[in-house]
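# Summary of the model geometry
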Amino acid sequence: MTEFLETYKQDLFFGIIIIAVVIILRLLTNKLHLWLAKEKQRKFPGEPLKSISVLKRILNTLWLLLGLISITYLVVDESHQNTLARDFKTVLYIGIVLSLTVIAATTSNIWFKHDIEKKIATEQDPTSFQFLRYVVLVGIYFIGIVFCLLAFPSLKGVAQTALGGAGVITLIAGFASQEALANIIGGIFIITFKPFKVGDLIKVTDTMVGRVRDITLRHTVIRNFENKMIVIPNAIINKEKLINYDMGELKCCERIEIGISFDSDIGLAKKIMQEECKNHPLILDNRTELEKQQGLPIVKTALIHLNDSSMTIRAWTWERNYSDSFQLKVDVLESIKKRFDKEGIEIPFPYRTIVMKKENKD
């Protein structure tokens, strides 16, 4: 035992130093993680700590791998030491690149998010910044991956090509699917031509109505009135005919239609609908000065259809925005129904006539 210790005393001493260094580095990394998390919460309350946790895991894994390679270096023969030295440099290089990539992406993300919040607070359009944020983040991660590939000789040619001007386009066209490219191009078109922006109230279909929350490289996110997030790929939303309630003039016209029976008084039904709509607090007087002088009503009504078992009367009302329009419609439908019941205006429902035939038997 004494002879073994004397023979390998120097290697054992260096091995203990390596283990101690790895332990100290992991402890310092954990301390750094706690300090960064505390500072981030102090300066940016409510900001997620996921990126700091990722950085902590990268560094702890890096120290462990470097320690294992260093200990292995002490026990292998000289023919393998050069290979281990190269592996040590490669792991150290990749660890540094990954750490810098996470730090750069996190810093950029925080800067963009807070700049977007400032624009929203000052009622400016944050759409371009929000889209540019994703472009920058994708660019940072792409460059980080490319620099990691440079550490491997067999992949160095691919990485150098990717860093070239035309190489980026070639790689994207080669590895990305047609659908992914269509979504990216669709996002660029949305940002360029701005059929809608973040915060706008839009209607894509009858079941997809809500406010735009985010526009990414791949999709657009809409929050509907049920507080559910609707994720629509940019390539699809670019093809849809959508309604933007916040583009241009906000006021809108609501058409309220109710069917009455043929026995009901048309004039009384139109009068009730006019009165209920006119008395609603959200109604907007959209008449011109000439129309006011002529005494035209605020709410226009007309008989528009003669159906099989009913007559359809429509009232046109104006409101300041889409939200007021929706609220007015649901309110007056209820109040009109109550007035119709009180005034004897019948809203028809299907009738069924059953004829019983009795066969005569001789």
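Now for a look at the structure at hand. Here the structure is a predicted model, which means the values were calculated and not measured.

Turning next to the overall build of the chain. Of regular secondary structure, the chain possesses 12 helices and 8 strands. Partitioning the intrachain contacts of the chain with sequence separation of at least 6 by distance along the chain shows that 62% fall at a separation of at least 24. As displayed, the chain has an accessible area near 23800 Å², and 61% of this comes from carbon and sulfur atoms.

As a further point, take the pattern of salt bridges. As enumerated under the stated definition, the model contains 12 salt bridges in all. Of the charged contacts, one joins Arg-339 and Glu-275 as a salt bridge, the two residues approaching to 3.1 Å between their closest N and O atoms. Of this pair, Arg-339 sits in helix H12 (residues 322-343) while Glu-275 is found in helix H10 (residues 266-278), placing the two residues 64 residues apart along the sequence. Here Lys-337 ties to Asp-341 by a salt bridge, and the two come within 2.6 Å at their closest N and O atoms. With Lys-337 and Asp-341 both in helix H12, this residue pair falls 4 residues apart, about one helical turn. What emerges from the salt-bridge pattern is a single network uniting Glu-275, Glu-276 and Arg-339.

The biggest cluster of nonpolar side chains holds 17 residues, and the ones touching the most others in it are Ile-260, Met-273 and Phe-340. Elements with a minimum of two residues in this core: strand E6 (252-260), H10, strand E8 (311-319) and H12. Look past the residues within four positions of Met-273 in its chain and what remains in contact with it is Ile-256, Ile-258, Thr-301, Ile-313, Arg-314, Ala-315, Ile-336 and Phe-340. Formed by 15 residues, the second largest nonpolar core is a distinct cluster that contains Tyr-134, Val-198, Leu-217 and Ile-237.

Take the sheet that holds E6 next. Taken in spatial order, the 3 strands line up as E6-E8-E7 in an open sheet, and their pairing is antiparallel. Unpaired on one side and paired on the other, E6 and strand E7 (300-306) mark the two borders of the sheet. Within the sheet, the average angular offset between the axes of one strand and its neighbour, ignoring direction, is 25°. The sheet contact formed by E7 and E8 spans 6 bridges and is antiparallel. When the sheet's bridge partners are listed, Leu-303 is paired in E8 with Ile-313. H10 rests against E6, E7 and E8 of the sheet, and its axis sits at about 20° to E8. Helix-sheet contacts for H12 involve E6 and E8, and the interaxial angle to E6 is about 20°.

Criteria and cut-off values
Sequence order sets the numbering: in each chain, residues are counted from 1 along the sequence as written. Two thresholds apply to this predicted model, a pLDDT of at least 70 for residue-level local features and 80 or more for giving and counting side-chain atom pairs, whereas whole-chain, interface and lining totals are computed over all residues. Side-chain measures were taken over the full set of non-hydrogen atoms in the model, leaving aside hydrogen atoms and water. Runs of E in the DSSP output that reach at least two residues are strands. Runs of H or I that reach at least four are helices, and both are numbered from the N terminus. Here, residues are in contact when the closest pair of their heavy atoms is within 4.5 Å. Each accessible area is a Shrake-Rupley result for a 1.4 Å probe, and residues are judged covered by the shown protein chains and nothing else. When a carboxyl oxygen of Asp or Glu is within 4 Å of a side-chain nitrogen of Lys or Arg, the pair counts as a salt bridge. Among buried residues, the Ala, Val, Leu, Ile, Met, Phe, Trp, Tyr and Cys ones that are joined through side-chain atoms within 4.5 Å form a nonpolar core. Exposure is judged per residue with a 1.4 Å probe applied to protein chains only, and the accessible area is read against the type maximum: over 50% gives exposed, under 20% gives buried, and values in between give partly exposed. By this definition, two strands are paired if DSSP reports at least two bridges between them. As a rule, the C-alpha atoms of each element are fitted with a line to give its axis, helices using only the stretch in contact, and angles between N-to-C directions run from 0 to 180 degrees.

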